[in-house]
Amino acid sequence: MNYVNGAWLEGSSNTMNVVFNPATGETLAEINLASASEVNVAVAAAAAAFPAWRQTPPEDRIQYLFRFRNALEAHFDEIARLTTLENGKTLTESRAELRRGIENVEVACGIPTLMQGYNLEDVASGIDEMMIRQPLGVVAAITPFNFPAMIPLWFLPYALACGNCFILKPSERVPLTAKKLMELLESTGLPPGVAGMVTGAKPAVDALLDHPAVRAISFVGSTSVAKYIYARGAETGKRVQCQGGAKNHVVILPDADFDTTSRIVGDSAFGCAGQRCLAVSVAIAVGEARKPFEDRIVNLAAHLKVGNGLEPGIEMGPVISPASKSRIEKLLDQGIHAGAKALLDGRKSPVNGGNGSFLKPTVITGVGMESDLSRTEIFGPVLTVEPAADLDQAIAMVSQNPYGNAASIFTSSGAAARKFRYQVPTGNVGVNIGVAAPMAYFPFSGWKDSFLGVLHGQGRDAVEFYTDKKVVIERWPKEWSRKF
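The structure contained in this document is the topic of the report that follows. (Residues numbered from 1 in each chain as written. Predicted model: local features only at pLDDT ≥ 70, side-chain atom pairs only at ≥ 80, totals over all residues. Heavy atoms only, no water.)

1. Comments concerning the overall build of the protein
Alright, step 1. Across its full length, the protein holds 15 helices and 22 strands.
Alright, step 2. Radius of gyration (C-alpha) of the protein: 24 Å, near the 23 Å computed for a compact globule of 484 residues.
Alright, step 3. Principal-axis analysis of the C-alpha atoms places the extent of the protein at approximately 80 × 55 × 40 Å.
Alright, step 4. Going through the 484 residues of the protein one by one, you find that 57% of them count as buried.
Alright, step 5. Pairs at least 24 apart in sequence give 72% of the contacts found in the protein among residues at least 6 apart.
Alright, step 6. Accessible surface, the protein as shown: approximately 20000 Å² in total, 53% of it carbon and sulfur. (Helix = DSSP H or I, 4+ residues; strand = E, 2+ residues; numbered from the N terminus. Rg over C-alpha atoms; globule rule 2.2 N^0.38 Å. Buried < 20%, exposed > 50% of the residue type's maximum accessible area, 1.4 Å probe, protein only. Contact = heavy atoms within 4.5 Å. Areas by Shrake-Rupley, 256 points an atom, 1.4 Å probe, with all protein chains shown as cover.)

The structure is reproduced here in structure tokens:
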């Protein structure tokens, strides 16, 4: 299931991939994964399409994006349903995801302004200087299973608008949403080769990393894989941006509104079954906040409706696979064996509906900030609650974690909020916000082990990432002023 040079082709690697519905266990599709040689064909097609696409004026390039945006809107519910089928999240969550993706298409439509350079006359007598931006060439994105629609749209619109040719390598667990996106992009009349897709596993990734014509790689996934991709891509001289894992903290002060805070934190921790890089993993309750927060968050989590995301009223779907469910359960076993206490144990609560990879929300405490579990991205519907004596200790607890994706604070104190945002070492910060997800015109930031690179996805960072700067210095004299 590859889209190469304007045509849909089946993979020929003889490595069969089965796409499952995680809520039911049923098979949605069976596809042959792309081989390295097929990736090379896709890159060659993109490289061949690049000269003409680069010369297409930005104003003309964005007309395809305007049509793409309209096609996404016209097929909005169809795409959301596909996302729920192959990922498991609720329809409400799938719709929200797609909406954030469409916002990136809309921002990229402003590329005639965003891509502008700058100039200065008379940097010396009769000499002018300017900086212009030019596209890189062929670029690629390797995207994860947890946001099949949104994350490809962090990259694709900006890459195309800047004049690059783009290849998407979606997670082989959720290729159906990506296929639909490419079909809609194809319907805009985009020239063949300008955008392509290869559905593959590690051989496909390595082929993209090693191909000399691929100038830049974008990646979202685990930190271990991010480090591999960053090192291998940079070794071959590529521009690389890698969004890695996370262990996000939220600090609750005693002056917070506990009812509202608990609902917001619950949405953050258990939304998308905890399978998002901005999900709250650890709630740090300061001083007297611990008891009222624990009581409320446990009660909220216990009453969440878990089931098939296509059914009305469902508030949380399954995790992505039986293997993921087993991994989460083993991590919880290890933590509890090491002394953690389960205030609510989602492993022991069956979900009606059969064969899905369901886990109900779990709330644990007593993990300890030095334990392996406190440093492991669980990536499931698990929230740890830990106490802190004061805000200083809470910030110190956040700071000692190796990840730096996001952190939030809940308080009615402006002074406390300012101190938190000033000191906390994370790239995304929320104040009375549970999921500090930047809008499309801001960069999706991340620090420490949560990001490798310099320029992030979205907004101006994306334009910087997908363009080279060229400085031009000109003299057009009637008479030469320089004397030798």
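2. Let's talk about the layout of surface pockets
Alright, step 1. Taken as a whole, the largest pocket holds about 1100 Å³ of empty space.
Alright, step 2. In terms of lining, the largest pocket is formed by 44 residues, of which the most central are P144, F145, S171, R173 and S222.
Alright, step 3. When contributions to the lining of the largest pocket are tallied by element, the ones reaching two or more residues are strand 3 (16-20), helix 8 (202-210), strand 10 (214-220), helix 9 (223-235) and helix 12 (322-337).
Alright, step 4. The element contributing the most residues to the lining of the largest pocket is helix 9, with 5 residues. (1 Å grid on protein atoms, 1.4 Å probe; cavity = no way out; pocket = protein on both sides within 12 Å on 5 of 7 lines; lining within 4 Å. Points joined across faces, edges and corners; volume = space filled by probe spheres on them.)

3. What to know about the environment of D449
Alright, step 1. Structurally, D449 is set in the loop between strand 20 (447-448) and strand 21 (451-452).
Alright, step 2. For the pair D449 and Y403, spaced 46 residues apart in sequence, the C-alpha separation works out to 4.8 Å.
Alright, step 3. Not counting residues up to four positions away in its chain, the partners in contact with D449 are T223, K227, G244, G245, P402 and Y403.

4. Here's the deal with the side chain of T199
Alright, step 1. By the secondary structure assignment, T199 is in the loop between strand 9 (195-197) and helix 8.
Alright, step 2. For T199, the side chain forms a polar contact with the main-chain oxygen of M1, separated by 2.9 Å.
Alright, step 3. Here T199 is in contact with M1, N2, I31, N32, L33, A34, P170, E172 and P175, once residues within four sequence places are set aside. (Polar contact = N/O pair within 3.5 Å; in protein donor to acceptor, adjacent residues only side chain to side chain.)

5. Remarks on the sheet that holds strand 5 (residues 118-124)
Alright, step 1. Pairing within the open sheet is antiparallel, and its 3 strands lie in the order 5-6-22. A strand with exactly one partner marks an edge of an open sheet, and here the two such strands are strand 5 and strand 22 (467-475). Strand after strand, the sheet turns through a mean of 25 degrees between neighbouring axes, direction not considered.
Alright, step 2. Two elements, strand 6 (residues 127-135) and strand 22, share 9 bridges in a ladder whose sense is antiparallel. (Pairing = 2+ DSSP bridges. Axes fitted to C-alpha atoms, helices over the stretch in contact; angles between N-to-C directions.)

6. Regarding the packing of helix 2 (residues 58-74) against helix 6 (residues 152-161)
Alright, step 1. With their axes 9 Å apart at the nearest point, helix 2 and helix 6 run at an angle of 150 degrees to one another. Considered as vectors, helix 2 and helix 6 are oriented roughly antiparallel to each other. When helix 2 is examined against helix 6, the residues R61, I62, L65, F68 and L72 are found in contact with a partner set consisting of L153, L156, P157, L160 and A161.
Alright, step 2. Split by residue class, the contact of helix 2 with helix 6 holds 9 nonpolar, no polar and 1 charged. (Parallel < 35°, antiparallel > 145°, perpendicular 65-115°, else oblique. Nonpolar A, V, L, I, M, F, W, Y, C, P; charged D, E, K, R; others polar.)

7. Some points on helix 11 (residues 290-302)
Alright, step 1. Relative to the 18 Å expected for 13 residues at 1.5 Å per residue, helix 11 spans 18 Å between its end C-alpha atoms, a close match to the ideal helical length.
Alright, step 2. Those residues of helix 11 that fall on the buried side of the exposure criterion are P292, F293, E294, I297, V298, L300 and A301.
Alright, step 3. On its buried side, helix 11 packs onto strand 12 (248-252), helix 10 (258-270), strand 13 (280-286), strand 14 (341-344), strand 15 (362-365) and strand 16 (382-388). (Expected span 1.5 Å × (residues − 1).)

8. Focus: the sheet that holds strand 16
What links the strands of a sheet is backbone hydrogen bonding, and the strands pair in either a parallel or an antiparallel sense.
Alright, step 1. Within the open sheet, the 7 strands sit side by side as 14-15-16-13-12-18-19. Their pairing is mixed. Each having just a single partner strand, strand 14 and strand 19 (428-431) make up the two edges of the open sheet. On average, each strand axis in the sheet is tilted by 25 degrees relative to the strand beside it, whichever way the strands run.
Alright, step 2. Pairing of strand 18 (residues 406-410) with strand 19 involves 4 bridges; the strand directions are parallel. Its bridge partner being in strand 19, A406 is matched across the sheet by N428.
Alright, step 3. Against the sheet, helix 14 (residues 414-423) touches strand 12, strand 18 and strand 19, its axis set at about 170 degrees to strand 18.

9. Considering unusual backbone geometry
Both trends apply: most residues other than glycine have a negative phi, and most peptide bonds are in trans.
Alright, step 1. One non-glycine residue with positive phi stands out, namely N432, at about 55 degrees.
Alright, step 2. By relative accessible area, N432 is classed as partly exposed at 34%.
Alright, step 3. Positioned with a positive phi, K448 is a non-glycine residue whose angle comes to about 50 degrees.
Alright, step 4. Following the sequence through the fold, K448 ends up in strand 20.

10. Things to note about the packing of aromatic side chains
Geometry of an aromatic ring pair is reported as the spacing of the ring centres plus the angle between the planes.
Alright, step 1. Summed over the entire model, instances satisfying the criterion amount to 7 aromatic pairs.
Alright, step 2. Relative to Y64, the ring of W53 lies with its centre 5.6 Å away and its plane at 55 degrees, an arrangement referred to as tilted. Of the two residues, W53 is situated in helix 1 (residues 36-55) and Y64 in helix 2; the sequence distance between them amounts to 11 residues. A single burial state applies to W53 and to Y64, both of which are buried.
Alright, step 3. Between the aromatic rings of W154 and F444, the centroid separation amounts to 4.5 Å while the plane-to-plane angle is 35 degrees, which identifies the pairing as tilted. One end of the pair, W154, is in helix 6; the other, F444, is in the loop between strand 19 and strand 20, and 290 residues separate them in sequence. Judged on exposure class, the residue W154 and its partner F444 are both buried.
Alright, step 4. Chaining the aromatic ring pairs together yields one cluster made of W154, F155 and F444. (Phe/Tyr/Trp six-rings, centres within 6.5 Å; stacked < 30°, edge-to-face > 60°.)

11. Description of the environment of G430
Alright, step 1. Assignment of secondary structure puts G430 in strand 19.
Alright, step 2. G430 sits in the buried class, given a relative accessible area of 1%.
Alright, step 3. A C-alpha to C-alpha distance of 28 Å links G430 and G335, two positions 95 residues apart in sequence.
Alright, step 4. With sequence-adjacent residues up to four places away left out, G430 is seen in contact with A407, S408, I409, F420 and A436.

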